[in-house]
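# Architecture and fold: a report
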Amino acid sequence: PLLLDAPKLQRLSVTFFTRDQIMEILAGLPPLVRLAIQKPREKGRLDFTAFIRAIQTDRLKFLRINGDDTQGGILDTGVEAIPCPRLETLDVTGPVWVDAPALREAKIFNVRNGELLCMLRSGQHLRRLHARWHPEWVINSAPTPGLAEPIDFPVNLPELHTLFLAGVMTRETRTFLN
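Residues numbered from 1 in each chain as written. Predicted model: local features only at pLDDT ≥ 70, side-chain atom pairs only at ≥ 80, totals over all residues. Heavy atoms only, no water.

As a further point, take helix 1 (residues 19-26). Among the residues of helix 1, those classed as buried are Ile22, Ile25 and Leu26. Looking down the long axis of helix 1, one finds its buried residues gathered within 95° of arc, a one-sided arrangement. Looking at the buried residues of helix 1, the elements they touch are strand 1 (11-15), strand 2 (34-38) and helix 2 (48-53). Just beyond helix 1, the residue with positive phi is Gly28, at close to 80°. (Buried < 20%, exposed > 50% of the residue type's maximum accessible area, 1.4 Å probe, protein only. Helix = DSSP H or I, 4+ residues; strand = E, 2+ residues; numbered from the N terminus. Arc of directions from axis to C-beta. Contact = heavy atoms within 4.5 Å.)

Encoded structure:
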């Protein structure tokens, strides 16, 4: 854990740490309002949801986990989504399994169509969405996982007024827009 006692800590940003170092830093923190994990020093896929599971999420309003295109793992919907009742802004470069009913703005990169739809199912208040699919070379090199969670179509986003889609135009993009 951090070698300091900071019971009023509300914002934390960590950059260039390994997965194990990040998990050690997150252990035992007071409830954060803002968490940014940037450029983890790891090769291969990471479970970004594990980072969120390591903290108390009841006060979290802003979450950023940014790695490179190869670090985003696969969304595991076979476990309970992590409740983040106050989360308003989500900025991630891989899938995370959270239940965020207050979400207003999301920037979600390096995901597959089904993962994104699952992530958005509690986004009734989402106003801005910027999504980018996995790069084509990642899609072609890794099989698309089966999601344990059934998806109800269409995902209802009644307050969405701004949508940015980026990445290779594939069957997934067309499926998402249907």
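So much for the structure itself; the text now carries on.
What follows concerns the pattern of salt bridges. In this structure the tally under the stated criterion is 4 salt bridges. As a salt-bridge pair, Arg64 and Asp91 come within 2.8 Å of each other at their nearest N and O atoms. One end of the pair, Arg64, is in strand 3 (residues 62-66); the other, Asp91, is in strand 5 (residues 89-92), and 27 residues separate them in sequence. Note on Arg64: relative accessible area 22%, which makes it partly exposed. (Salt bridge = Lys/Arg side-chain N within 4 Å of Asp/Glu carboxyl O.)

What follows covers the nonpolar core. Leu26, Leu35, Ile65, Leu87, Leu90, Val96 and Ile108 are the most contacted members of the largest nonpolar core, which has 43 residues in total. It is helix 3 (residues 113-120) that provides the largest number of residues to this core, a total of 5 residues. (Core = buried A, V, L, I, M, F, W, Y, C linked by side-chain atoms within 4.5 Å.)

All right, on to unusual backbone geometry then. With a phi close to 65°, Phe16 is a non-glycine residue in the positive phi region. Along the chain, Phe16 falls in the loop between strand 1 and helix 1. What makes Phe16 partly exposed here is its relative accessible area of 48%. One non-glycine residue, Lys39, lies in positive phi territory at about 50°. Among the structural elements, Lys39 can be located in the loop between strand 2 and helix 2.

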